[in-house]
Every structure is written in structure tokens, then in C-alpha cells.
Amino acid sequence: MEQATFLKINPADSVVVCLAPKKKGDIILVDGRQVIVNQNTPAGHKILIKDTRQGEDIIKYGYPIGHALQDLKAGDWVHEDNLKTNLGGTLEYAYHPVNHPLDIKDEKRTFKGYVRKNGDVGVRNEIWIVPTVGCVNGIAERLVHQLVQETGYEGVDAIHAWHHNYGCSQLSEDHENTRKVLRDICLHPNAGGVLVLSLGCENNQPEDFMAMLGDYDKDRIKLLVTQRVEGDEIEAGMQILRELYDQAKRDKREDVSVSKLRVGLKCGGSDGFSGITANPLVGEFSDWLVAQGGTSILTEVPEMFGAETILMNRCETVELFEQTVSMINNFKNYFLSHGEPVGENPSPGNKAGGISTLEDKALGCTQKCGKAPVSGVLEYGDRLKHTGLNLLSAPGNDLVAATALASAGCHIILFTTGRGTPFGTFVPTMKIATNPTLAKNKPHWVDFSAGQLIEGRTMQELVPEFIDKVLAVASGEKARNEENGYQEISIFKNGVTL
């Protein structure tokens, strides 16, 4: 069977997506009629299949992705120079609930996890140092280095310091965002032991911060205030770390229901294949996980603009709908308050890969959350309360959003990408390539290639393989970012630095 070279995603679409480059003069057969390609068009990009007047909407995924800036002919290459976003300011929305029952059986699958004292489950057993303020980042790094030298990681999965620049000289919301994210990291079940490392004079006062942790395991989370140490703070820190390490290395993996698994959904460096391969694959996994009683979280709110009504109408209740409306409009107001246009997206890399407007990006992006109903909406820094599909308020920036997902309680981040990226946050950050070229060129970055879907593999074939891969990582197999040692955090900042 001849491999397809283009795809019409939805019957209502006025464009097709090139699965392979097209040359001027090539003929494509769409809906029983011939369309002659008018310009050389790269793979991942769009070709118009009907004449379109200036100002008329162009349809992809069954929805408008913007309007034509000039009269266009069938066969024209559609790109950022002849297509403009329809997005503007905040909107009023009406709730039209849509129910998509998940016809997916409960497979009673398990993974090998670490069951914590409070019943929570981790997919890693690591020793973490969490600075309350950036002033002690250097001390934290020295402590990590010395503990690694002493132990060689034996008995634990890793040892990290999650350094950052904040904890002081911040006001109001920024200060609380920092405190909430650091709190969430301390309480994350992927840590078998946590040293909270403080200077002592910072705005993020150590005793107040520890009170934020609530009823925490005091055998596993300990505080050191370096200004109060008489003498060598390194040795004082090492004494605490040795105690934490001795406990953590006795922890063992055991079979845990997949219903305990929490996965974050993120994309970055997207291309024209993202909404065709990797994002739908991750969406299938998300639906599968929700059907097993597990949890997924979708974030990067600015990349929901243009597809937000799809998510709003999947909310289980009016209250969740209203929370989603607030999340969307609050982020639009954030842009507008800084004098920035709401639709100033996608990035140059996105455009080079075939994404022309924010609607084009959003309609592909939101496919990562499948069809499950929305069961929870989280503010930035909130921790998960509900199983099922949740929405989280955070920006599109890769590291800020991935950190927010992990802080909310995700064990693993599923990160789809067409251009490629090596980064990772403080939990395993799996990269799913949208196209075979990326998977071939960057195998040391990519954990799974959804590009197989444009090489002849079917979604039905690929989904079980992908499920097995995610559960293998949950059971201890290292993600590429972990193998490479690429792990860090970034905290959202909006206001003044004193």
C-alpha cells in the first residue's frame, strides 16, 4: 500500500497537512478532486484545498485557525505570512457540556513504586536538598557533591539540589508562588528524604515555611538554618543527609495500582506533526490512565487560547466551567496588563515546523488530554485533589510549566516535541518525538517516537507500546533527561524584585 503524503485531519478542513515535502506542480487528490500545488511546501505545513477570500476563516482540526490576509487559491501554501490569528482580548463564554464516555476497560495494571508513610506513592527514591532562598545554592551543591562522593548513589535513585534564585526580595504573589512550589517539592513522593536548607534572614522564613508543610514526615524532611550553625555548616548538613540517606536506602519498590499514577502533559518545540502524531498518542494514554482511575494534568494556558471552549465544555460541573473561564481570561489579562497581544505565539521554531497561528498550535496542543471529562482545575502552585483529568494554570514556558506540573504532584511529565529539547524538571521528563527525523537525529534526547504513525504504524499498534514504556519509566527505567543529568526547576515570576 502506498504511504500517504498528506493528511486531511477533519472532513470540514480547508487545508491538508503535508506528511512529506511537496513541489510546485505536484498534484494531490483530495475528496475526489485534484489540487495542483502552487509553491514548494515543506513537510508539516499546510496546503489550501479550496479558494479562500481575504478575511475568510481557514479551517484545520474542524475549527478556524485564523483568517486569510489576502485572496488565496486552492493549492497555495498556507503560512504565517498569509494567515492571521482571530484571537483578541477576554471573552464571555457559555457552558455547553459535552460528554465523551471512555470506552476503555480497566486492565488492573501495576507499576513498581515506593509507598510512603502517608499512603502516597513515588516513582523514584531520591535525596533532595531544597534551598529556601537562592543565597544557599552553593552550599546545597557542595552537600550534594559530598554525599555522592560518600555513597555513590548506592541504594537510592539519585541525589539532587533544586536550586533557584528566589525566596527573598519578592513581594506578594511572587513570594507566595515561590513558597508554594518549594513546599510542593518538599512533599513530593519521589523524594525519600529532603533537607530543607535555609540561610536564616530571608523573607521565606524557615519556621514559617516548615509550617506550610502541614503534617509532614519529620523523619524524612529535616531543616538546617545555616546562620544558626556554630562552625561548619557543611558538616552539619552532612550529618542530617547521612541520616536521611540511611533511611531512604532501605526503601524498596513494590507493586502499585496504576490508579496511583499521576502524569503531566506538556509540549514544546511543536511542529506541524504535533497535532497528528505525538499529541494524539499522549491523548490516548491520558484517556487510558483516567479510565484506570489515574490522573493527568494539562497546563500551558496560553496555548489553550483558540481551543479553550473544547475544554470548557468537557468540564463535569458548572463550577469547573467557571473556574476554567477564569483561568483563561486571567491569563489573557496577564498578557494585556503587560501591553502584550494575546495571540503573540507561536515561536519561530513552531512556524518553521508548520504551525502558523496560536489557534493552529492550541488545537493540536489540547489533543494531549484526549477526550476525558475535566474533573479538576488548579491554580499555580496548587497540589492535586482530584483524580482524572485536571487543568493547571501555568504559562507555556517549558521549564516553568513542567516544574508546575511536577509541583502539583505529577510523577512523570510526557513532553511532546517536533523540534527537540534535552531539558527535564525534578521528575522524569519523557520526550515523545512527533516525527521520525527528530527521533533518528536525537536518540539521546527522545524516549519514544510517535513519528512511527507517519511511517505506516497505526495508533492501535502504538498505544500499548507507549503504555508499556511509560509504566517502565514509572517502575525505575530512566528517562533520557535523567540519563543525561538534565534536571532543574524554574518558578513563575510576575512582579517586582526588591
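These lines cover the structure that appears in this document, whether it is placed above or below.

What counts, and at which threshold
- Starting afresh in each chain, residues are numbered from 1 along the sequence in its written order.
- Only residues with pLDDT of at least 70 get local features here, since the model is predicted, and only at 80 or more are side-chain atom pairs given and counted; chain-wide, interface and lining totals rely on the full set of residues.
- The basis for the side-chain values is all heavy atoms of the structure; hydrogens and waters are excluded.
- Strands are runs of DSSP state E lasting at least 2 residues, helices are runs of H or I lasting at least 4, and numbering of each runs from the N terminus.
- For the radius of gyration, the atoms used are the C-alpha atoms, and the globule rule reads 2.2 Å times the number of residues raised to 0.38.
- Burial classification: accessible surface area is computed with a 1.4 Å probe over protein chains only, and a residue below 20% of its type maximum counts as buried, one above 50% as exposed, and the rest as partly exposed.
- The contact definition used throughout considers only heavy atoms, calling two residues in contact when any of these lie within 4.5 Å.
- Here, Shrake-Rupley sampling with a 1.4 Å probe gives the accessible areas, and only protein chains in the shown set may cover a residue.
- Only four residue types enter the charge count, namely Lys and Arg as positive and Asp and Glu as negative; His and the chain termini do not.
- For this purpose, a charge sits on NZ of Lys, CZ of Arg, CG of Asp or CD of Glu.
- The definition of a nonpolar core used throughout is a set of buried Ala, Val, Leu, Ile, Met, Phe, Trp, Tyr and Cys residues joined through side-chain atoms within 4.5 Å.
- Here, patches come from residues exposed beyond 30% relative accessible area and free of salt bridges, joined within 9 Å for like charges and within 5 Å for nonpolar side chains (Val, Leu, Ile, Met, Phe, Trp, Tyr).
- Salt bridge, as applied in this entry: a Lys or Arg side-chain nitrogen positioned within 4 Å of an Asp or Glu carboxyl oxygen.
- Between N-to-C directions, angles cover 0 to 180 degrees, with each direction set by a line fitted to C-alpha atoms, over the stretch in contact for helices.
- Any angle from 65 to 115 degrees is called roughly perpendicular, while one under 35 is roughly parallel, one over 145 is roughly antiparallel, and all others are oblique.
- Each helix crossing is assigned a hand: it is left-handed if the near helix lies turned anticlockwise from the far helix by less than a right angle, otherwise right-handed if that turn is clockwise.
- To estimate how far a helix should extend, the number of its residues minus one is multiplied by 1.5 Å.
- Strand pairing is assigned whenever DSSP identifies at least 2 bridges connecting the two strands.
- Ring pairs shown here join Phe, Tyr and Trp side chains whose ring centres sit within 6.5 Å, with only the six-membered ring taken for Trp; geometry is labelled stacked below 30 degrees between planes, edge-to-face above 60, and tilted in between.
- Any Lys NZ or Arg CZ found within 6 Å of a ring centre and within 35 degrees of that ring's normal is scored as a charge over the ring.

## Let's talk about the overall build of the protein
Argument step 1. Summing up its helical and strand segments, the protein has 13 helices and 23 strands in all.
Argument step 2. For 498 residues, the compact-globule estimate of 2.2 N^0.38 gives 23 Å, and the C-alpha radius of gyration of the protein, at 24 Å, lies within 12% of that figure.
Argument step 3. By its C-alpha atoms, the protein is 80 × 50 × 40 Å across when sized along the principal axes.
Argument step 4. Relative to its 498 residues, the protein shows a buried fraction of 57%.
Argument step 5. Within the protein, counting contacts between residues at least 6 apart in sequence, those at least 24 apart form 70% of the total.
Argument step 6. Roughly 20,400 Å² of accessible area belongs to the protein as shown, and the carbon and sulfur atoms make up 48% of that amount.
Argument step 7. Charge separation in the protein, taken as the distance between the mean sites of 51 positive and 65 negative side-chain charges, equals 3 Å.

## Side note on the nonpolar core
Argument step 1. Membership of the largest hydrophobic core comes to 54 residues, with the highest contact counts inside it found for L261, L281, F285, I412, L414, I432 and F466.
Argument step 2. Those residues in contact with L281, other than ones at most four positions away along the chain, are I432, F448, A450, M459, L462, V463 and F466.
Argument step 3. Formed by 35 residues, the second largest nonpolar core is a distinct cluster that contains L187, I221, I297 and Y380.

## Quick notes on a nonpolar patch on the surface
Argument step 1. Taken together, the side chains of L171, V496 and L498 define a hydrophobic patch exposed on the protein surface, amounting to about 300 Å² of accessible area.
Argument step 2. Looking at the element boundaries, V496 is found in the segment after helix 13 (480–484).
Argument step 3. Exposure remark for V496: the relative accessible area of 52% places this residue in the exposed category.

## Examining the packing of helix 1 (residues 137–151) against helix 4 (residues 233–248)
Argument step 1. Closest axis-to-axis distance for the helix 1/helix 4 pair is 10 Å, and the angle between their directions is 50 degrees. It follows that helix 1 is oblique to helix 4 by the angle criterion. Note on packing geometry: the crossing formed by helix 1 with helix 4 is right-handed. Between helix 1 and helix 4, the residues in contact are I139, R142, L143, Q146, L147, E150 and T151 and E233, I234, G237, M238, L241, R242 and Y245, respectively.

## Describing the pattern of salt bridges
Argument step 1. Scanning all chains against the criterion turns up 30 salt bridges.
Argument step 2. K361 serves as the salt-bridge partner of E303, at 3.2 Å between the closest nitrogen and oxygen. With E303 in the loop between strand 18 (295–298) and helix 6 (308–312) and K361 in helix 9 (residues 358–365), this pair connects stretches of sequence that are 58 residues apart.
Argument step 3. Judged by its relative accessible area of 6%, E303 is buried.
Argument step 4. Salt bridges sharing partners connect three or more residues here, namely K266, E300, K368 and D398.

## Some details on helix 7 (residues 318–337)
Argument step 1. Taking 1.5 Å as the rise per residue, helix 7 with 20 residues should run 28 Å; its terminal C-alpha atoms sit 28 Å apart, in good agreement.
Argument step 2. Regarding helix 7, the residues found buried are L320, F321, T324, V325, M327, I328, N329, F331, K332 and F335.
Argument step 3. If you follow the buried residues of helix 7, they end up packed against helix 6, strand 19 (374–378) and strand 20 (388–392).
Argument step 4. Directly after helix 7, the chain includes G339, whose backbone phi takes a positive value near 75 degrees.

## A closer look at the sheet that holds strand 14 (residues 191–198)
Argument step 1. Strand order in the open sheet formed by four strands is 13-12-14-15, with parallel pairing between adjacent strands. Across the chains shown, the open sheet's two edge strands, defined by having one partner strand only, are strand 13 (158–161) and strand 15 (221–225). Strand-to-strand twist across the sheet, computed as the mean angle between neighbouring axes with direction ignored, equals 15 degrees.
Argument step 2. The pairing of strand 14 with strand 15 spans five bridges and is classified as parallel. What sits directly across from L197, in strand 15, is L224.
Argument step 3. Contacts from helix 2 (residues 172–186) reach strand 12 (126–131), strand 14 and strand 15, with the element oriented near 160 degrees to strand 12.
Argument step 4. Against the sheet, helix 4 makes contact with strand 12, strand 14 and strand 15, and its axis sits at roughly 175 degrees relative to strand 15, the strand it touches most.

## Structural notes on the sheet that holds strand 2 (residues 15–18)
Argument step 1. Within the open sheet, the four strands sit side by side as 1-2-5-8. Their pairing is antiparallel. A single partner strand is all that each edge strand has here, and the edge strands are strand 1 (6–7) and strand 8 (77–78).

## Focus on the packing of aromatic side chains
Argument step 1. Counted according to the given criterion, the structure contains 15 aromatic pairs.
Argument step 2. Measuring from ring centre to ring centre gives 5.8 Å for F285 and W288, while their planes differ by 35 degrees; the resulting arrangement is tilted. A residue pair is termed a helical-turn pair when its members lie 3 or 4 positions apart in one helix, as F285 and W288 do in helix 5 (residues 278–291) at three residues.
Argument step 3. Ring pairing ties together the aromatic residues F305, F331, Y334, F335, Y380 and F492, which thus form one cluster.
Argument step 4. Lying over the aromatic face of Y216, K218 brings its terminal NZ or CZ to 4.5 Å of the ring centre.
Argument step 5. Sitting above the plane of the W445 ring, K442 keeps its charged end 4.4 Å from the centroid.

None of the figures reported here should be taken as evidence of function without further support.
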